[in-house]
Amino acid sequence: MTVDVIWQIAGIGILVAVIYSVLKQAGRDDMAWLVALGGVTVALWVVIRLINQLFLTVRTMFQL
Amino acid sequence: MEIAKVVAAGLVVVVLLGVIRPQRPEMGVLLSLVAGVYILYTVIGWITPVIRLLEDLSLQAKVSLQYLNLILKIIGVAYLAEIGCQVARDAGEGAIASKIELAGKVLIMALSVPIFSAVMQAVLRLLA
């Protein structure tokens with residue numbers, strides 16, 4: 001669990017925001033929405049693995 | 001000096017959230033969750049010696065480990081419930097946050113039933 005995960009998620013967020021507005025300007029709203037959805041799923045994948053790791057640590061730590 | 005790392009990471013994430021949240025609120029929620037998990041990881045690192053100390057003290061004081069395990073379990077439940085509740089409230093979902101909080105409280109009460117009965121028996125033995 002290092003700081004890199006924060007930069008990954010922030011990078012994905014900013015990238016999705018930029019691509020979304022670019023595609024919106026180009027009039028391709030459906031593509032823009034798909035890109036936003038893709039960005040969210042990738043970020044969610046990373047976050048879920050992270051939360052799983054945290055829950056395992058807490059479980060071993062507090063004998064939950 | 002570890003506190004500087006945590007504070008720096010927190011402040012950077014606050015700035016990033018200021019950029020991301022207006023554009024993509026859902027990414028903002030994910031980013032705040034990741035930042036929270038990172039800070040909690042450093043906190044877990046600091047808690048381990050305290051837990052070791054508690055275990056040694058309870059061994060010396062001949063307090064049965066069952067109670068210490070229960071206290072640790074309750075701290076763990078409160079810890080996790082707090083994570084979920086804060087992230088949900090941060091994302092603007094007050095209803096879900098209070099439900100998570102309620103679940104945490106009920107579980108802690110359920111976990112502490114054996115202690116209540118032990119205390120009751122001790123008190124009754126004193127009175128009788």
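Since we're looking at a predicted model, the values are computed, not measured.

S.K.: If you had to explain the interface of chain B and chain A to someone new, which residues and values would you point to?
M.R.: Facing 29 residues of chain B, the contacting portion of chain A comprises 32 residues. Summed over the shared surface of chain B and chain A, the result is zero salt bridges. There are three residue pairs in polar contact (both at pLDDT 80 or more) connecting chain B and chain A. Contributions of two or more residues to the side of chain B that touches chain A are made by α1 (2-23), α2 (25-60) and α3 (65-90) of chain B. Ranked by residues supplied to the side of chain B that touches chain A, first place goes to α2 of chain B with 14 residues. Partitioning the side of chain B that touches chain A into residue classes produces 21 nonpolar, four polar and four charged.

S.K.: Any chance you could break down the packing of helix α1 (residues 4-25) of chain A against helix α2 (residues 29-62) of chain A for me, citing the residues and the numbers?
M.R.: Residues and elements named next belong to chain A. Two numbers describe how α1 lies on α2: the axes approach to 8 Å, and their chain directions differ by 175°. Here α1 lies roughly antiparallel to α2, going by the angle between them. In this structure, α1 contributes Val5, Gln8, Ile9, Ile12, Val16, Ile19, Tyr20, Leu23 and Lys24 to the contact, and α2 contributes Asp29, Met31, Ala32, Trp33, Val35, Ala36, Gly39, Val42, Ala43, Val46, Val47 and Leu50. A per-class count over the contact of α1 with α2 returns 17 nonpolar, two polar and two charged.

S.K.: Describe the packing of aromatic side chains, naming the residues involved and giving the relevant values.
M.R.: Per the counting criterion, the structure on display carries zero aromatic pairs over all chains. Above the face of the Tyr20 of chain A ring, Arg24 of chain B is positioned so that its terminal group lies 4.5 Å from the ring centre.

S.K.: Give a description of the domain arrangement of chain B that names residues and reports values.
M.R.: Residues and elements named next belong to chain B. On domain assignment, one finds that chain B holds domain 1 (1-62) and domain 2 (64-128). Between domain 1 and domain 2, the C-alpha centre-to-centre distance is 21 Å. Taken together, the 13 residues of domain 1 in the interface contact nine residues of domain 2. Linking domain 1 with domain 2 are one salt bridge. When the shortest N-O distance is used, the salt bridge between Arg21 and Asp90 registers 3.5 Å. At the junction of domain 1 with domain 2, the criterion picks out two residue pairs in polar contact (both at pLDDT 80 or more). Of the residues forming the side of domain 1 that touches domain 2, the biggest block, 11 residues, is contributed by α2. A breakdown of the residues in the side of domain 1 that touches domain 2 according to their chemical character gives eight nonpolar, two polar and three charged.

Conventions used here
- Residues numbered from 1 in each chain as written.
- Chains lettered and ligands numbered in written order.
- Predicted model: local features only at pLDDT ≥ 70, side-chain atom pairs only at ≥ 80, totals over all residues.
- Heavy atoms only, no water.
- Contact = heavy atoms within 4.5 Å.
- Salt bridge = Lys/Arg side-chain N within 4 Å of Asp/Glu carboxyl O.
- Polar contact = N/O pair within 3.5 Å; in protein donor to acceptor, adjacent residues only side chain to side chain.
- Helix = DSSP H or I, 4+ residues; strand = E, 2+ residues; numbered from the N terminus.
- Nonpolar A, V, L, I, M, F, W, Y, C, P; charged D, E, K, R; others polar.
- Axes fitted to C-alpha atoms, helices over the stretch in contact; angles between N-to-C directions.
- Parallel < 35°, antiparallel > 145°, perpendicular 65-115°, else oblique.
- Phe/Tyr/Trp six-rings, centres within 6.5 Å; stacked < 30°, edge-to-face > 60°.
- Lys NZ or Arg CZ within 6 Å of the ring centre and 35° of its normal.
- Domains from an automatic or database assignment.

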